[in-house]
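Here is what each chain is made of, one letter per residue.
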Amino acid sequence: MMGPDTDDKKRKDLNAAEIGALAHLYRAEVYRSTIWRTRLDTTTNWSVVTLGIALSITFAAPTASALPLVLVGVLLLFFLMVEARRYRFFNVWRARCRWIETHFYAPMLDGGDLHLEENWQKTLAEDYWRPKYHVSLIISVGRRVRNTYLWILLIQALAYMGKIIVHPEPAISVSEVMGRASVGPISGEIVVALGLLYIFSLVAIALWSYVHDRGRALRGERNSGSSMG
């Protein structure tokens, strides 16, 4: 009778057919990650085009309103949330590809040993049996802000401040700038404060996600069975 260790060792062995199947699985995961990466680029393009339209309208004439640059912030936030959701899907396929690369291909290329004793295949199998997101929504928002949206927000903020400071003619006082920033019954101070809160909140989320990811990397969680993302 085989003991538990012997049976477990027998189950871990991969024959040529199983290795070939795993190679095809890796190709499929690379394809899926590529498709979802393209979808991330699509929402980023939407944000860039929308901001470009707002800039064109706002700077079309010295007397043009700066309101489009305020309203575009709502659209940018919507696109960011859509992109963060798409990133969570993309990260599943990306993490699976990276997991196979680091535990299957890299050991095989380095020493000809698949290191099946590390039970990495169990983590991969569990992820197929019970699929789940590997990062939270707030982490994905922070990563997208860090990678892309930080620059879009910076351009939006600089363009808005430049508009109310320069047009229709250079402002000579802070009160004049705040007067130009007002939107209907809402004072300029409130509009500017909400804008700063909007930007700094997203920057804070980006910094928090960076610290979180850095901490996970230092603790080695990305290389353990607790997480693939």
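Note on numbering: residues in each chain are counted from 1, in written sequence order. For this predicted model, a pLDDT threshold of at least 70 governs which residues receive local features, and a threshold of 80 or more governs which side-chain atom pairs are given and counted, while totals over whole chains, interfaces and linings are taken from all residues. Excluded from the side-chain calculations are hydrogens and water; all other atoms, namely the structure's heavy atoms, are used.

Asker: Help me understand the packing of aromatic side chains, please; the structure alone is not making it clear to me.
Answerer: Each aromatic ring pair is specified by the distance between its two centres and by the angle formed by the two planes. Any Phe, Tyr or Trp ring, taking Trp's six-membered ring, that has another such ring centre within 6.5 Å forms a pair; planes under 30 degrees apart are called stacked, those over 60 apart edge-to-face, and the others tilted. Applying the stated criterion to the full structure yields eight aromatic pairs. Taken together, a centroid distance of 5.8 Å and an interplanar angle of 55° make the contact between phenylalanine 78 and phenylalanine 79 tilted. An aromatic cluster is defined as three or more aromatic residues linked by ring pairs; in this entry it consists of Tyr26, Phe104, Tyr105 and Trp120. The criterion for a charge sitting over a ring is simple: Lys NZ or Arg CZ within 6 Å of the ring centre, and within 35 degrees of the ring normal. Taking the ring centre of tryptophan 93 as reference, the NZ or CZ of arginine 32 above it sits at 4.0 Å. Here the basic side chain of arginine 39 rests over the ring of tryptophan 36, its NZ or CZ set 4.3 Å away from the ring centre.

Asker: Looking at this model, I keep getting lost on helix α4 (residues 120-129). Mind explaining?
Answerer: Three- or four-residue spacings in an α-helix give side chains the same orientation, since the helix completes a turn every 3.6 residues. Turning to α4, its buried residues are Trp120, Gln121, Thr123, Leu124 and Asp127. Down the axis of α4, the smallest arc covering the buried residues is 160°, so these residues share one side. The buried label applies to any residue whose accessible area, calculated with a 1.4 Å probe on protein chains only, is under 20% of its type's maximum; exposed applies above 50%, and partly exposed to all values in between. Per the convention used, a helix needs a DSSP run of H or I reaching at least four residues, while a strand needs a run of E reaching at least two, with both numbered from the N terminus. Each C-beta atom gives one direction from the helix axis, and the arc is the one those directions make.

Asker: Teacher, can you tell me more about unusual backbone geometry here?
Answerer: One can expect most non-glycine residues to show negative phi and most peptide bonds to be in trans. Here the amide bond leading from histidine 167 into proline 168 is cis, since omega sits at 0°, within 30 degrees of zero. Following the sequence through the fold, proline 168 ends up in the loop between α5 (137-166) and α6 (174-181).

Asker: In this structure, what is going on with the environment of histidine 103? I would like to understand it.
Answerer: Mapped onto the elements of the fold, histidine 103 is located in helix α3 (residues 67-111). Given a relative accessible area of 11%, histidine 103 falls into the buried group. Within 3.5 Å is the distance limit for a polar contact, defined as a pair of N or O atoms, with the added protein rule that one can donate a hydrogen and the other accept it, and that residues adjacent in sequence qualify only through two side-chain atoms. For histidine 103, the side chain forms a polar contact with the side chain of threonine 102, separated by 2.9 Å.

Asker: Would you explain the confidence of the model for the protein chain in this entry?
Answerer: Regions with low pLDDT carry predicted coordinates that are not meant to be interpreted in detail. How sure the predictor is of each residue is captured by pLDDT, a score from 0 to 100. On average, residues of the protein chain score 86 in pLDDT, and 90% of them reach the 70 mark or higher. Per-element mean pLDDT across the protein chain ranges from 49 in helix α1 (residues 4-12) up to 94 in α5. Throughout, a contact is declared for two residues whenever any of their heavy atoms are within 4.5 Å. In this model residues 1-10 is a low-confidence stretch, pLDDT under 50, and it forms two contacts with partners more than four residues away in sequence or in other chains.

Asker: Which parts of the structure should I look at to understand the nonpolar core?
Answerer: The nonpolar side chains of soluble globular proteins are, as a tendency, buried together. In these notes, a set of buried Ala, Val, Leu, Ile, Met, Phe, Trp, Tyr and Cys residues joined through side-chain atoms within 4.5 Å is what counts as a nonpolar core. Core analysis: the biggest nonpolar cluster contains 24 residues, and Leu69, Leu80, Val145, Tyr149, Tyr160 and Ile164 have the highest contact counts within it. Among the elements of the structure, α2 (16-58), α3, α5, α6 and α7 (188-219) are those that each provide at least two residues to this core. With eight residues, the top contributor of residues to this core is α5. By size, the runner-up hydrophobic cluster in this structure holds 10 residues, among which are Tyr26, Ile100, Phe104 and Leu114.

Asker: Hey, could you run me through the side chain of threonine 44 in this one?
Answerer: Position of threonine 44 relative to the elements: it lies in helix α2. By relative accessible area, which is 12% here, threonine 44 ends up buried. When residues no more than four places from it in sequence are discounted, the contact partners of threonine 44 are Glu83, Arg144, Thr148 and Tyr149.

Asker: Would you take a moment to explain the packing of α2 against α3 for this structure?
Answerer: In helix packing, the relevant descriptors are the interaxial angle and the interaxial distance, both defined with respect to the helix axes. Across the interface, α2 lies against α3 with an axial gap of 9 Å and an inter-helix angle of 165°. Between α2 and α3, the angle falls in the class roughly antiparallel. Note on packing geometry: the crossing formed by α2 with α3 is left-handed. Of the residues belonging to the contact of α2 with α3, the class tally is 27 nonpolar, seven polar and nine charged. To define axes, lines are fitted to C-alpha atoms, for helices over the stretch in contact only, and angles between the resulting N-to-C directions are given on a 0 to 180 degree scale. Roughly parallel means an angle under 35 degrees; roughly antiparallel means over 145; roughly perpendicular covers 65 to 115; every other angle is labelled oblique. Crossings are assigned a handedness: left-handed for a near helix turned anticlockwise from the far helix by less than a right angle, right-handed for a clockwise turn. Each residue receives one of three labels: charged for Asp, Glu, Lys and Arg, nonpolar for Ala, Val, Leu, Ile, Met, Phe, Trp, Tyr, Cys and Pro, and polar for the others, Gly being one of them.

Asker: Explain the layout of surface pockets here, please?
Answerer: Taking a probe equal in size to a water molecule and rolling it over the atoms shows the remaining empty space. By volume, the largest pocket amounts to about 590 Å³. Residue lining of the largest pocket: 22 residues in total, with Val70, Val191, Leu194, Gly195 and Tyr198 positioned closest to the centre. Mapped onto the lining of the largest pocket, the elements with two or more residues apiece are α3, α5 and α7. Residue composition of the lining of the largest pocket, grouped by class: 19 nonpolar, three polar and no charged. Only protein atoms enter the calculation, which uses a 1 Å grid: trapped sets of points that fit a 1.4 Å probe without letting it out are cavities, open sets showing protein on both sides within 12 Å along at least five of seven lines are pockets, and any residue with an atom within 4 Å of a point is a lining residue. Grid points are joined across faces, edges and corners, and a volume is the space filled by probe spheres set on the points.

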